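Letter by letter, the chains look like this.
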Amino acid sequence: MCLGIPGEVIEFLPEQPDLARVDVSGVRRVINVGLLSDEPPEPGEWVLIHVGFALSKIDEAEAAAALEFLEGIGQAYEDELAALRDSKIE
Amino acid sequence: MRFVDEFRDADKAHALAARIAALCEPGRQYKLMEVCGGHTHTIYKHGLEDYLPESVTLVHGPGCPVCVIPMGRVDDAIHLASQPDVIMTSFGDMMRVPGSNGAFFDANARGTNIKMVYSPLDSLKIAKANPDKRVVFMAIGFETTAPSTAMTVLRARAQGVQNFSVFCNHVTIIPAIKAILDSPDLRLDGFIGPGHVSTVIGCRPYEFIAKSYGKPVVTAGFEPLDILQSIYMLMLQLREGRSEVENQYSRVVPWDGNPVALKAIGETMELRPYFEWRGLGFISHSALKMREAYADFDAELLFEVPGVRVADPKACQCGEVLKGVLKPWECKVFGTACTPETPIGTCMVSPEGACAAYYNYGRMTRQRVPEAISIELSRP
């Protein structure tokens with residue numbers, strides 16, 4: 001739960017501008033981007049996600065490094081991805 | 001993978017190690033604390049201590065949110081979950097944390113309904129789908145997760161959801177660092193500042209450490225080279241007699257943090273007069289509770305919470321480990337009675353806990369493990 005996981009913004013949900021669909025290691029889920037309302041990310045940009053909320057924008061190099069770090073953690077990241085897979089934020 | 005090699009180049013790591021060694025003054029011992037559990041994980045996964053001179057010791061701090069929750073709060077949460085019509089929701093990390101009468105998983109075997117969720121927003125969704133139930137979210141974490149709870153409460157109010165509340169256990173990192181600085185047990189020379197907490201609070205809140213306590217702070221990223229570079233920056237400050245706050249992780253951490261997140265926390269939550277931390281005891285103004293204006297979302301007001309106080313198990317020395325006084329292998333039950341499968345203390349439960357990091361990477365002493373270096377750091 002404390003892990004920050006990188007996701008690529010795919011699209012914003014129509015009529016819900018604070019929700020966006022992101023891709024995290026091939027898992028596509030909806031997250032809340034309200035914490036970035038000062039400088040909203042564009043589709044194609046990367047964000048660091050904590051418990052369903054984008055906390056900061058990151059560049060692609062940082063996203064790749066963060067993913068590698070998480071994959072190295074093993075079980076904890078798999079648990080986090082499994083939890084994300086079950087998540088149905090609206 | 002070109003991106004990743006940039007952060008893991010073994011030659012760069014050895015070059016940094018040599019520069020760190022060159023900064024050591026003969027006869028002086030250096031103790032640097034990494035506050036964040038994510039950093040502890042990187043240090044042991046990559047065997048970074050093996051790169052450091054004998055005179056530089058890394059001390060693991062209290063920055064693992066699961067590890068600092070006292071047993072009494074787990075008991076209180078189970079009590080809440082036992083009330084009629086309650087669905088308790090919690091991050092998966094909390095499910096195995098032992099209270100005095102077992103963990104959430106054990107409580108569920110006795111009939112409570114404690115569901116694992118990924119996000120507080122999932123908890124809110126459960127509340128909307130179950131209007132005849134009272135859904136309580138077990139909120140834990142430092143400033144990294146507090147904004148998510150705050151935003152969820154704001155959303156619940158905007159959507160008029162009335163059967164959702166928060167059992168607030170959010171803690172704040174600065175008072176914990178101050179408690180460690182004031183502790184007579186430990187003399188530290190500097191701090192590797194947390195990465196993700198700082199994306200929210202920024203770097204300014206650490207300035208008192210540099211100004212009032214004269215200790216350098218460097219906010220660091222999570223890659224092995226990030227940590228070695230941060231250690232180099234700390235050692236350089238110490239060598240030059242400076243104590244400043246520096247930001248090694250500026251590619252993610254803005255100096256002023258995330259103002260939207262800070263505003264959401266400030267709108268919905270306020271500091272408690274005091275809060276009990278596992279191992280550190282009661283620390284004043286170190287945790288958050290719901291503001292009065294959001295009392296209708298405060299599980300501590302909506303339900304009777306017994307406020308259980310439970311002493312940690314006698315054999316467990318998590319307190320000393322969290323303060324950095326003991327290394328995990330120095331605890332009497334480490335790796336014997338206490339393992340990740342059957343944890344006695346919280347430091348063994350969470351993958352970010354120092355004990356779990358040591359255990360999982362086979363660190364039983366500070367003896368050098370040369371193969372760790374060649375395996376974990378990729379060659380260019």
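Residues numbered from 1 in each chain as written. Chains lettered and ligands numbered in written order. Predicted model: local features only at pLDDT ≥ 70, side-chain atom pairs only at ≥ 80, totals over all residues.

**A short note on the packing of helix α7 (residues 146–158) of chain B against helix α12 (residues 259–268) of chain B**
Residues and elements named next belong to chain B. Using the following cut-off: Fitted lines through C-alpha atoms give the axes, limited to the stretch in contact for helices. The angle between two N-to-C directions lies from 0 to 180 degrees. Helical segments are the DSSP runs of H or I of at least four residues, strand segments are the runs of E of at least two, and each set is numbered from the N terminus. An angle counts as roughly parallel when it lies under 35 degrees, as roughly antiparallel when it exceeds 145, as roughly perpendicular when it falls between 65 and 115, and as oblique in every other case. In this scheme, a crossing is called left-handed if the near helix is turned counterclockwise away from the far one by less than a right angle; it is called right-handed if the turn is clockwise. Contact between two residues is assigned whenever their backbone-derived C-beta positions fall within 7 Å. Amino acids are sorted into nonpolar (Ala, Val, Leu, Ile, Met, Phe, Trp, Tyr, Cys and Pro), charged (Asp, Glu, Lys and Arg) and polar (every other residue, Gly among them).
Put simply, α7 and α12 touch, their axes get as near as 8 Å, and they point 60° apart. With respect to each other, α7 and α12 are oriented oblique. In this structure, α7 crosses over α12, and the sense of that crossing is left-handed. Of the residues in α12, those touching α7 at Ala146, Pro147, Ala150, Met151, Val153 and Leu154 are Ala261, Ala264, Ile265, Glu267 and Thr268. Each residue belonging to the contact of α7 with α12 can be placed in one class, and the counts come to nine nonpolar, one polar and one charged.

**Looking at the sheet that holds strand β2 (residues 56–63) of chain B**
Across a sheet, strands are paired by hydrogen bonds formed along the backbone, either parallel or antiparallel in direction. All names here are of chain B. What counts here: Criterion used throughout: strands pair if DSSP finds at least two bridges between them.
Pairing in this open sheet of five strands is parallel, and the strands run β2-β1-β7-β8-β9 from one edge to the other. Of all strands in the sheet, those bounded by a partner on one side alone are β2 and β9 (245–247). Across the sheet, the axes of successive neighbouring strands diverge by a mean angle of 20°, strand direction being ignored. Across six bridges, the pairing between strand β1 (residues 30–36) and β2 is parallel.

**Thoughts on the pairing of strand β3 (residues 86–90) of chain B**
All names here are of chain B. What counts, and what does not: Around each residue's C-beta, the other C-beta atoms within 10 Å are counted; 20 or more make the residue buried, 12 or fewer make it exposed, and counts in between make it partly exposed. All C-beta atoms are placed from the backbone.
The element β3 is largely enclosed, with a buried count of four among its five residues. Where β3 lies against strand β4 (residues 114–116), three bridges are found, and the strand directions are parallel. In the sheet register, serine 90 faces β4, and the bridge partner there is methionine 116.

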